[in-house]
Structures are given as C-alpha cells and as structure tokens.
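Chain and residue survey
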Amino acid sequence: EAGVAQSPRYKIIEKRQSVAFWCNPISGHATLYWYQQILGQGPKLLIQFQNNGVVDDSQLPKDRFSAERLKGVDSTLKIQPAKLEDSAVYLCASSSLEGGSETQYFGPGTRLLVL
Amino acid sequence: GDSVTQMEGPVTLSEEAFLTINCTYTATGYPSLFWYVQYPGEGLQLLLKATKADDKGSNKGFEATYRKETTSFHLEKGSVQVSDSAVYFCALVGGTSYGKLTFGQGTILTVHP
C-alpha cells in the first residue's frame, strides 16, 4: 500500500513570496490533516478535512494560509505572503479506523525555508 | 486544552542500555495515546498506541502502558540499538478533539556503539 505522498520535499523562498504544497493521502482515507512542525517542537495542527469539508481550522492563520481538498482526495496548502516565521516542516497525514481507534499516517513532509 | 509533556532531552545511551522516556498528559474525556518516531530526514512513523486505561502498546521491543491514575504513557525499551537513534514524540487524541493529534515537544535519542 502506497503511503502519504507530498511534494515538493524542499522549498526555499524569500519573504512575501507565495508557496504551495501538495498532498496525496493513502487511498480510501477520508480524513486528511496538515501539521506545521517548527524546528525543535512537536507538530501542530493547521487544518483537518473530512472528505472535502473542513472539520477544524482554528489554528490556521487565515490571513496568509489557505488549504483546499476539492475532490475529497488530494489537498493543497498555500502560504501568501510568506513570513520568516513560516520556516518549518509541513506534514500531511491521513487516517483510518483500526482496531476501534483512528490511526494517522504521515507523509515525509515539505521543508520550507523563508529568507 | 489538551497537552503533552515529555522529559527534557536529549538522551544519550550506549548500545544495549535500558531506555525510558517519560510522558505525561492533560486531556478531557478519555484520550488515545501514541508514540511516534522520526528518523533523520524522514516523516513521523507510528511506533505504538494504547486506547484505554491499563492497555500496553508494544512494537519493535518498545513498550508503553496507559496509566490513567498518573496520566502517564512512558516509553521503555530493554536494550537499545544504534538504529534506534531518532526523535520520539508522545501524542494524544483527546476525547473531544475529532481526531487531532496533540504532540509533546519530542525527545532526541542518540545511541552510541
């Protein structure tokens, strides 16, 4: 079974530029998550989708971040304009119900550096 | 809100030493508890999980027991290997969080031959 795919793996941009990340979840997984992992910290949820609907986006900085999952499969996360503090690894995860509880599977992440 | 606290790191051990990484949590309802591992340059991988009190999760020689009375989920391994060097994250899904994982800050483990 293929895992969660993300691209690009690395991105370097200058502040005030825009950037987009792509995620393809594991086939059949209805729930998709985007997390931000700043160096030295644990990941923090940005947004959660159930199929193509948003379940939780309370931690998403909506003035600059946006995300969509139009057909309930792939998802894109965009930052416009980027700030220095957006430098982080952006992780995508999808989940399935296993043994009565939900298990999240993570992609390799996109490492973003904002200069 | 939900929170997870891990022991301060980094942890440095010799091969075949005993490993404990402490994890305590605060959550509403009845959370599920997880340990994830992140090897250098890779994404997070689920190591083990426990979904109710007194459950023991285990995988690859690692174990952790869900202790509701002490709100803890400490990770242990009897004999570590160099290949276990990684960052370990304790995490929970709270009873009211719709599946969102709340992570601790991570513990860097380095194992020397």
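Read on for a plain summary of the structure. (Residues numbered from 1 in each chain as written. Chains lettered and ligands numbered in written order. Predicted model: local features only at pLDDT ≥ 70, side-chain atom pairs only at ≥ 80, totals over all residues. Heavy atoms only, no water.)

1. Digging into the packing of aromatic side chains
- One pass over the full model with this rule turns up 12 aromatic pairs over all chains.
- Judged by centre distance (6.4 Å) and plane angle (40°), the ring pair of Phe65 of chain A and Tyr90 of chain A falls under tilted. Residue Phe65 of chain A is found in strand E7 (residues 65-68), and its partner Tyr90 of chain A is found in strand E9 (residues 88-98); the two are separated by 25 residues along the sequence.
- With a centroid separation of 6.1 Å and an interplanar angle of 80°, the aromatic rings of Tyr25 of chain B and Tyr66 of chain B are classed as edge-to-face. Taken together, the residues span a long stretch of sequence, with Tyr25 of chain B in strand E4 (residues 23-26) and Tyr66 of chain B in the loop between strand E8 (62-65) and strand E9 (75-77) at a distance of 41 residues.
- Among the aromatic residues, those joined into a ring-pair cluster are Tyr33, Tyr35 and Phe106 of chain A together with Phe34, Tyr36, Phe89 and Phe103 of chain B. (Phe/Tyr/Trp six-rings, centres within 6.5 Å; stacked < 30°, edge-to-face > 60°. Helix = DSSP H or I, 4+ residues; strand = E, 2+ residues; numbered from the N terminus.)

2. Remarks on the interface of chain B and chain A
- Listed by partner, the interface residues are 20 residues for chain B and 21 residues for chain A.
- Taking both partners together, chain B and chain A bury about 1,400 Å²; carbon and sulfur atoms supply 52% of that area.
- Remark: the boundary between chain B and chain A carries 0 salt bridges.
- Joining chain B to chain A, the criterion identifies 7 residue pairs in polar contact (both at pLDDT 80 or more).
- Contributions of two or more residues to the side of chain B that touches chain A are made by strand E5 (32-38), strand E6 (44-50) and strand E11 (101-103) of chain B.
- For the side of chain B that touches chain A, the element with the most residues is E5 of chain B, which contributes 4 residues. (Contact = heavy atoms within 4.5 Å. Buried area = accessible area lost by both parts, 1.4 Å probe. Salt bridge = Lys/Arg side-chain N within 4 Å of Asp/Glu carboxyl O. Polar contact = N/O pair within 3.5 Å; in protein donor to acceptor, adjacent residues only side chain to side chain.)

3. Describing a nonpolar patch on the surface
- Taken together, the side chains of Ile12, Leu113 and Leu115 of chain A make up a nonpolar region of the molecular surface, amounting to roughly 300 Å² of accessible area.
- Mapped onto the elements of the fold, Leu113 of chain A is located in strand E11 (residues 110-114). (Patch = residues over 30% accessible without salt bridge, like charges linked within 9 Å, V, L, I, M, F, W, Y side chains within 5 Å. Areas by Shrake-Rupley, 256 points an atom, 1.4 Å probe, with all protein chains shown as cover.)

4. Quick look at the nonpolar core
Residues and elements named next belong to chain B.
- With 26 residues, the main nonpolar core has Leu19, Trp35, Leu47, Leu48, Phe73, Leu75 and Tyr88 as its most contacted residues.
- Of all the secondary structure elements, the ones that give two or more residues to this core are strand E2 (11-14), strand E3 (19-21), E4, E5, E6, E8, strand E10 (86-93) and strand E12 (107-112).
- The element best represented in this core is E10, accounting for 4 residues.
- Setting aside anything within four residues of it in sequence, one finds Leu19 in contact with Val11, Leu13, Phe62, Leu75, Glu76, Lys77, Val80 and Leu109. (Core = buried A, V, L, I, M, F, W, Y, C linked by side-chain atoms within 4.5 Å. Buried < 20%, exposed > 50% of the residue type's maximum accessible area, 1.4 Å probe, protein only.)

5. Remarks on the sheet that holds strand E7 (residues 56-59) of chain B
Residues and elements named next belong to chain B.
- Taken together, the 4 strands give an open sheet; going across it, the order is E3-E9-E8-E7, and neighbouring strands pair in antiparallel fashion. The open sheet has two edge strands, E3 and E7, and neither has a second partner. The sheet shows a mean angle of 15° between the axes of neighbouring strands, taken without regard to direction.
- Direction of pairing for E8 relative to E9: antiparallel, over a ladder of 3 bridges. Pairing of Glu63 across the sheet is with Glu76, part of E9. (Pairing = 2+ DSSP bridges. Axes fitted to C-alpha atoms, helices over the stretch in contact; angles between N-to-C directions.)

6. Focus: the sheet that holds strand E3 (residues 19-24) of chain A
All names here are of chain A.
- What the 4 strands build is an open sheet, ordered E1-E3-E8-E7; its pairing is antiparallel. On the outer flanks of this sheet lie strand E1 (5-7) and E7, each paired with one strand and no other. Mean inter-strand twist for the sheet, computed between neighbouring axes without regard to direction, equals 15°.
- Examined bridge by bridge, E3 and strand E8 (residues 75-79) share 5 bridges and lie antiparallel to one another. Directly across from Cys23, in E8, lies its bridge partner Ser75.

7. Brief notes about the pattern of salt bridges
Residue and element names in this part refer to chain A.
- Summed over the entire model, instances satisfying the criterion amount to 5 salt bridges over all chains.
- One salt bridge in this structure joins Asp86 and Arg64, with 2.5 Å as the shortest N-O distance. Here Arg64 lies in the loop between strand E6 (53-56) and E7 and Asp86 lies in the loop between E8 and E9, a separation of 22 residues in the sequence.
- Note on Arg64: relative accessible area 11%, which makes it buried.

8. Focus: the pairing of E12 of chain B
All names here are of chain B.
- Covered by surrounding structure in E12 are Thr107, Leu109 and Val111 only, the residues Ile108, Thr110 and His112 on the alternate face being uncovered.
- Across 3 bridges, E10 lies against E12 in antiparallel orientation. Bridge assignment links Val87 to a residue of E12, and that residue is Ile108.

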